[in-house]
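# Notes for the structure review
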Amino acid sequence: MAVGTKLFCILMWISCLYAVSIFIFTKGFLLKRLEIPNKSDCSIRLEEQSVFSMRTQEGGLFSDDAYGDTPHVGLGSQFHIDNMCTAQDRFNKSIILLIDALRYDFLLFNESLDATGTLPFQNKLPIIQSLIEKKPSHSLLYQFLADPPTTTMQRLKGLTTGSLPTFVDVGNNFASSEVEEDNLIHQLVKAGKNITFMGDDTWESLFAGKFAKSFPFPSFNVKDLHSVDNGIMKHLLPEINQSDWNILIAHFLGVDHCGHRYGPYHSAMGEKLSQMNDVISSVVENMDNDTLLLVFGDHGMTGTGDHGGDSNDELTAGLFIYSQKDLRKLNPGLAMNAYRSISQIDLVPSLSLLLGIPVPFSNLGMVIPELFMFGADRKSPEVLDHLSLLLAKYHPAYLRMEALRINSFQVKRYLDSYSRKVDEFPYHISAILEQKFANAETLFHNLQQNLNDEEVKIAIDGATAMYMEYLSGVKEMCRGNWAKFDLLSMACGVVLTVSTCVAVWVVLNFVDGIKDREKIEDTLNSLLGNMLTGMITIFPMSVIITSQVEDLMTVKTTILLFFPALGSILGSLLCVLQTQGMPCMSDVLLYIKHTPKESLCSSGLLFLYVVSLTSNSFVVYEDRTAVFLLQFIVLLVYLISGIRSLIKFKRIKSRDIGRILTHPVAIVTYMLLAFQACVRLSSHFRICREEQVPCSQSDLLQPLLVFDPENSTYNNFRYIKAVVSICLIPFLLKFWLQKQGNLNGSSAASVCIKYALPTISVFIFFHWGLMSLPEKVLDKLPMWQQTFLAKCVYVLSTISIVSIIWQPLLIHILEREKKHQHKFHSKGEHDDQVVPRLFDYIKSSFQNQNGRGKQATTVTHEKIQETPAVFGLATTYSACLLQLIATVILVLSMLLGDGFSPALTLVCVQVLLYLELVACIRHAQLKIFSALPELKKMALLHVTWYAVFGWGLMASQFFFVTGHHATFPSIRFEAGFVGFNGDFPVYLYFIPAVLIGANTFSSNIIFGLALPLVLLWPFSRGKLADKKNSDNEGEVVLRDHCTELRIGLFRLVMLYILFHGCKLLGCMFSAAVHRRHLMIWKIFAPRYIFDGIGFLVTLVVVLLAYLFILRTDNQLAKWLARLFKIVKLLRDSR
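### Quick look at the overall build of the protein
- Counting its regular elements, the protein contains 40 helices and 10 strands.
- Each of the 1134 residues in the protein was classed as buried or not, and the buried ones make up 59%.
- Intrachain contacts of the protein at a sequence separation of at least 6 include 81% that bridge at least 24 residues.
- Of the roughly 45,900 Å² of accessible surface on the protein, a fraction of 60% belongs to carbon and sulfur atoms.

### Things to note about the nonpolar core
- Membership of the largest hydrophobic core comes to 207 residues, with the highest contact counts inside it found for Ile10, Phe29, Trp951, Phe1007 and Tyr1088.
- Ranked by residues supplied to this core, first place goes to helix 40 (residues 1080–1133) with 20 residues.
- What Tyr1088 contacts, discounting residues up to four positions off in sequence, is Ile22, Phe25, Thr26, Phe29, Leu1064, Cys1067, Met1068 and Ala1071.
- Formed by 77 residues, the second largest nonpolar core is a distinct cluster that contains Ile195, Ile249, Tyr394 and Ile460.

### Let's talk about helix 4 (residues 126–134)
- For helix 4, the full list of buried residues reads Ile127, Ile128 and Leu131. Looking straight down helix 4, one finds that the buried residues subtend no more than 105 degrees of arc, so they occupy a single side.
- Of the surrounding secondary structure, the elements contacted by the buried residues of helix 4 are helix 3 (104–107), strand 2 (139–145), helix 10 (267–286) and strand 7 (316–323).

### Here we look at the packing of aromatic side chains
- Summed over all chains, the structure comprises 32 aromatic pairs.
- Measuring from ring centre to ring centre gives 6.4 Å for Phe959 and Phe1090, while their planes differ by 70 degrees; the resulting arrangement is edge-to-face. Here the residue Phe959 occupies a position in helix 35 (residues 945–961), and Phe1090 occupies one in helix 40, the gap between them amounting to 131 residues. Each member of the pair Phe959 and Phe1090 is classed as buried.
- Among the aromatic residues, ring-to-ring pairing joins Phe675, Tyr914, Trp951, Phe958 and Phe1007 into one connected group.
- Lys93 extends its terminal NZ or CZ atom over the ring of Trp245, reaching a point 4.7 Å from the ring centre.
- Sitting over the face of the ring of Phe444, Arg405 holds its NZ or CZ atom 3.7 Å from the ring centroid.

### Concerning the packing of helix 35 against helix 39 (residues 1042–1073)
- In contact at an axis separation of 9 Å, helix 35 and helix 39 are set at 50 degrees when each is read in the N-to-C sense. On the basis of the axis angle, helix 35 is oblique to helix 39. Where helix 35 crosses over helix 39, the handedness of that crossing is right-handed. Contacts between helix 35 and helix 39 involve Trp945, Val948, Phe949, Trp951, Gly952, Leu953, Ala955 and Ser956 on the former and, on the latter, Leu1052, Leu1055, Tyr1056, Phe1059 and Lys1063.
- Considered class by class, the residues forming the contact of helix 35 with helix 39 number 10 nonpolar, 2 polar and 1 charged.

### Some words on the side chain of Glu314
- Residue placement: Glu314 occurs in helix 11 (residues 312–315).
- Of the buried charged residues, Glu314 lacks a salt bridge, with Lys1082 as the closest side chain of opposite charge at 6.3 Å.
- Excluding anything up to four places from it in sequence, Glu314 contacts Thr150, His299, Gly300, Met301, Thr302, Asp306, His307, Gly308, Gly309 and Pro969.

### Observations regarding the sheet that holds strand 2
- Pairing within the open sheet is mixed, and its 8 strands lie in the order 4-3-5-1-6-7-2-8. A strand with exactly one partner marks an edge of an open sheet, and here the two such strands are strand 4 (213–217) and strand 8 (341–343). Averaged over all pairs of adjacent strands, the angle between strand axes in this sheet comes to 20 degrees, irrespective of strand direction.
- Across 5 bridges, strand 3 (residues 195–200) lies against strand 5 (residues 247–252) in parallel orientation. Across the sheet, residue Met198 finds its bridge partner in strand 5, namely Ala250.
- The sheet contacts of helix 10 involve strand 1 (93–99), strand 5, strand 6 (291–296) and strand 7, and relative to strand 1 the element is tilted by about 175 degrees.
- Contacts from helix 12 (residues 347–355) reach strand 1, strand 2, strand 5, strand 6 and strand 8 within the one sheet, and its direction differs from that of strand 6 by about 165 degrees.

### Quick look at helix 12
- Most of helix 12 sits out of view: 9 of its 9 residues are buried.
- All of the buried residues along helix 12 are Leu347, Val348, Pro349, Ser350, Leu351, Ser352, Leu353, Leu354 and Leu355.
- Looking one or two residues past helix 12, Gly356 carries a phi angle of roughly 80 degrees, positive in sign.

### Remarks on the pattern of salt bridges
- Tallied over the entire structure, the rule returns 25 salt bridges.
- For Asp898, the salt bridge identified is with Arg718, shortest N-O distance 2.7 Å. One end of the pair, Asp898, is in the loop between helix 32 (876–896) and helix 33 (901–925); the other, Arg718, is in helix 26 (residues 712–740), and 180 residues separate them in sequence.
- You can call Arg718 buried: its relative accessible area is 3%.
- Note that Asp1091 is salt-bridged to Lys1063, the shortest N-O span being 3.5 Å. Residue Asp1091 is found in helix 40, and its partner Lys1063 is found in helix 39; the two are separated by 28 residues along the sequence.
- Judged by its relative accessible area of 5%, Lys1063 falls in the buried class.
- One salt-bridge network, held together by shared partners, links Glu622, Lys1063, Arg1087 and Asp1091.

### A word on the pairing of strand 1
- When you tally the buried positions in strand 1, you get 7 out of 7 residues, the bulk of the element.
- Neither face of strand 1 is open: one carries Lys93, Ile95, Leu97 and Ile99, the other Ser94, Ile96 and Leu98, and all of them are buried.
- Taken together, the 6 bridges between strand 1 and strand 5 define a ladder with parallel strand orientation. Looking across to strand 5, one finds that Leu98 is bridged to His251.

### Some remarks on a nonpolar patch on the surface
- Judged by side-chain polarity, Trp505, Met585, Val588, Leu589, Tyr591, Ile592 and Leu600 come together as a nonpolar surface patch covering roughly 650 Å² of accessible area.
- The leading source of residues in the nonpolar patch is helix 20 (residues 585–594), at 5 residues.
- Overall, Tyr591 belongs to the partly exposed group, its relative accessible area being 38%.

### Notes on the environment of Cys920
- Residue position: Cys920 is located in helix 33.
- For Cys920, a relative accessible area of 1% translates into the label buried.
- Each C-alpha atom, one on Cys920 and one on Ile667, is 9.5 Å from the other, the two residues being 253 residues apart in sequence.

### Quick look at the packing of helix 8 (residues 227–240) against helix 10
- Axis separation between helix 8 and helix 10 bottoms out at 10 Å; the angle between their running directions is 10 degrees. Accordingly, the angle class assigned to the pair helix 8 and helix 10 is roughly parallel. When helix 8 is examined against helix 10, the residues Asp229, Asn230, Met233, Leu236, Leu237 and Ile240 are found in contact with a partner set consisting of Lys272, Gln275, Met276, Val279, Ser282, Val283 and Asn286.
- For the contact of helix 8 with helix 10, the class distribution of residues is 7 nonpolar, 4 polar and 2 charged.

### Side note on the environment of Leu293
- With respect to the helices, strands and loops of the structure, Leu293 is situated in strand 6.
- For Leu293, a relative accessible area of 0% corresponds to the buried category.
- Between the C-alpha atoms of Leu293 and Phe320, which are 27 residues apart in sequence, the distance is 8.1 Å.

### Points about unusual backbone geometry
- Phi angles above zero are rare outside glycine, and Ala101 is one such case at about 65 degrees.
- Structurally, the position occupied by Ala101 is in the loop between strand 1 and helix 3.
- Residue class for Ala101 comes out buried when judged on its relative accessible area of 0%.
- For Asn123, which is not a glycine, the phi torsion comes out positive at approximately 55 degrees.
- With respect to the secondary-structure elements, Asn123 resides in the loop between helix 3 and helix 4.

About the criteria used
- Residues numbered from 1 in each chain as written.
- Predicted model: local features only at pLDDT ≥ 70, side-chain atom pairs only at ≥ 80, totals over all residues.
- Heavy atoms only, no water.
- Helix = DSSP H or I, 4+ residues; strand = E, 2+ residues; numbered from the N terminus.
- Buried < 20%, exposed > 50% of the residue type's maximum accessible area, 1.4 Å probe, protein only.
- Contact = heavy atoms within 4.5 Å.
- Areas by Shrake-Rupley, 256 points an atom, 1.4 Å probe, with all protein chains shown as cover.
- Core = buried A, V, L, I, M, F, W, Y, C linked by side-chain atoms within 4.5 Å.
- Arc of directions from axis to C-beta.
- Phe/Tyr/Trp six-rings, centres within 6.5 Å; stacked < 30°, edge-to-face > 60°.
- Lys NZ or Arg CZ within 6 Å of the ring centre and 35° of its normal.
- Axes fitted to C-alpha atoms, helices over the stretch in contact; angles between N-to-C directions.
- Parallel < 35°, antiparallel > 145°, perpendicular 65-115°, else oblique.
- Left-handed = near helix turned anticlockwise from the far one by under 90°.
- Nonpolar A, V, L, I, M, F, W, Y, C, P; charged D, E, K, R; others polar.
- Lys, Arg positive; Asp, Glu negative; His and termini not counted.
- Salt bridge = Lys/Arg side-chain N within 4 Å of Asp/Glu carboxyl O.
- Pairing = 2+ DSSP bridges.
- Patch = residues over 30% accessible without salt bridge, like charges linked within 9 Å, V, L, I, M, F, W, Y side chains within 5 Å.

Shape is all these values report; function is a separate question.
In structure tokens, the structure reads:
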């Protein structure tokens, strides 16, 4: 293998180590909740002893002494209800209208608002208020609080199983799998009840084969507001009037899709809610007295129409319950709490008991008490005869208590079963909850004694309160401790990340320190061999450990991955020690002494950046932290190195204002000011996250069609700004490459630059214009017309990328008018004269290093005039890379939308200023090597750490500038449907995932792909400080130093990976340390998830960029080899 291939193998090894560390840490940090396969039935029996009581069976907390003189009726008692399923059933049928993203305030009606003063979503459901006012005993309205993550699939699981989702479940939202836990749907089918379903096809994947009738509709296309809802309305009323169903479920998506597309403040939201109002009215009119109507949302939405996180707007959905018969008959003398805020999982036990089916086994919800105080028309099978008329007086309260008791025993049985498998609940909290349960049972059994009026009331109310406290406490305990963190896996992940960062730094300096380049292949072979040997040696040991120790079976995967990975790192470090010896303290101090001050400062700032990730405030305001550090390091490099080097480089000999203004220091200062202005300007594109107060949300997140058409000034200005910015990218690229001579030929790549990229820009801004049409106009167009322009962009972009990969060299040869053509003829084959003349021309150009137009001593002026001109050699490597970057940026601009298109143009400008600024300072620093040009080239190939650190900070900066934050609500899901109608089959689900990922991590893609420019730029640009003495050789000289090019590129990639690896380490550490922090799932966990995925994207992109440069270099080598071969043949023929 060649040097480049071996170095690529090392990069792959480092990337795999980081990927393994992310996997191991994530495995321990985001564990899935243990699912119990048990199913409930109509008979509940408490085991003789619970897990908790067995802990203290020798005396202690749950012994008889723990209760004092109170009769012990807690954990050792038995409770049996002969017909638990019918103890509280009141309804035979239920209609469930699930309006996706129905926020609570959408249900409210404010009579003080007039038609002109209402927001689009206000007062659009008057039927709710009308029913509450006219039939208050038939209607109930609640805030319906969801548990994060607020994504549809996770909410449906919670609404049917009554369990709490784990945070990692959010990743399954794109590929729903069948629910295996006990759930409402299973129990309904088991009880022989027929279910008719219509709406979101997610239900079909979650509950396959459970519905007697099903009318599913694709749910992926968030741009489609009407197809699903219209399909439901077509079947809803006809099915209600049928008699072949017990449960009818209709899942509407229009409100949710309207939020994603327009946000809640658009008029389309009012129209969609008004449509839902008509649907509810129709259902109410057609339902009978034996039917319970439930209207609710699975989650809310933010002010921009998004959801997925845990902000108040996302968590607060609405629930409306209605029946034609009384839902409750309240005794005026009985105190009752309305419980206007309830958890979504509370619906599960409530609906189960009302329909006469068992409560699902894993339910943690608490029954809605109001629904079980419905009068004295029923008897309690155990107690009513004994208490006769006295208990009849408190029968509604007794029924409420009975429902809570059934619910409590179900939850208790689930906790016992769960704790037998996983002992993860805190003992002291469990003990308190057990005490409350025992006290409630004591009060319940006291009712069997002879009590007076007041004592009965106290016993019922006391037992009710205790059961409710028990159920609420269990829910909070599980919510706070549900996912048992695998500390071993988390520790292994952190250790492996630290070890990998150390290995990156050691291997990087080891490769840099190989002085004998002729033996570099042998050295790299030894390094790779030691890595492989260390991994192979440790692997059998890890297999033996996992097979022999039973207690470690739960972390088997962790051990099988961790030890071989660590073994490979130890093998590489051993190779370094064998080759270079053990460094002593003096070597370390000497290394630090010779490290540039700018690089030391960069290391210090990186440490501060990593440490700041452990603070929730700094994570919330990370967008500002990255900007501050970027501005500081660039200014620091300018002050420490730039001014000093440039002044030494060219001293001011005159006080003439013109000379002063054109002095290299002044030129670099102009670039610095322009760069800082771009950084400040980028803050215009940053969006707000919930915790950033005060902060005004940017309008750039909303598409143009959201805004009032009458406000044409803003719409036109924003659209024109987007069009100008999207057209600037191909224009600037074409201008620069034409100036360098790369577009003088007619290769496929050059044709793409001249024609394909401008055409892509035209298609993009026409696509934006099409998408800004009013909804009613746009929806009349066939779907293929709506997606045609975007698909053309994908096709042309693919052609451009393939062409530049297939033929990366943008070099053109042009013969001049020749006077002595016959001297170079070879057997009359005129075409063969181009190559030898080109060789002479290149040779003469290399010998004329000063570039002042002097005639070379080895080639006569006449021969120079005869030789052909070669265009594009100075930008051999960067030209093709710039085309690739420009193509990717255009596609990303379309995905980000017209609002953030100027942000990507700003990326280009800021990157060019940064490259020019760093290159100018680097040239000034290396002026002392002007007499030794070869040594200067070697120094230019040695990219400085501060340059890479600034590049990494820009990548972090533009993650926020492109409209993102490390929060799930900031994910732009609409990007997954740009150019597609959204009706993807299962095997194409990766397409929206890729598009959404490209939108979210566009900054990682751009800066990873453009990373080689940091190495290449000083060879073609950055010479403003020395215009007269700058050489004209350009990037083609790198071909003479192919080994150094590969090592320099390897160093650059390794430093960039190290920057992101340190960031990842900070996120891992903060997530591990704050795993019990109040804000763990709101701030630290999302930050780690986004950084981990972004780092994986960065690894893939930088490896592809590395391979692309190697391919370009190999193509250039072949081109020169053909050149020299033909020259040799021609000389031999003469």
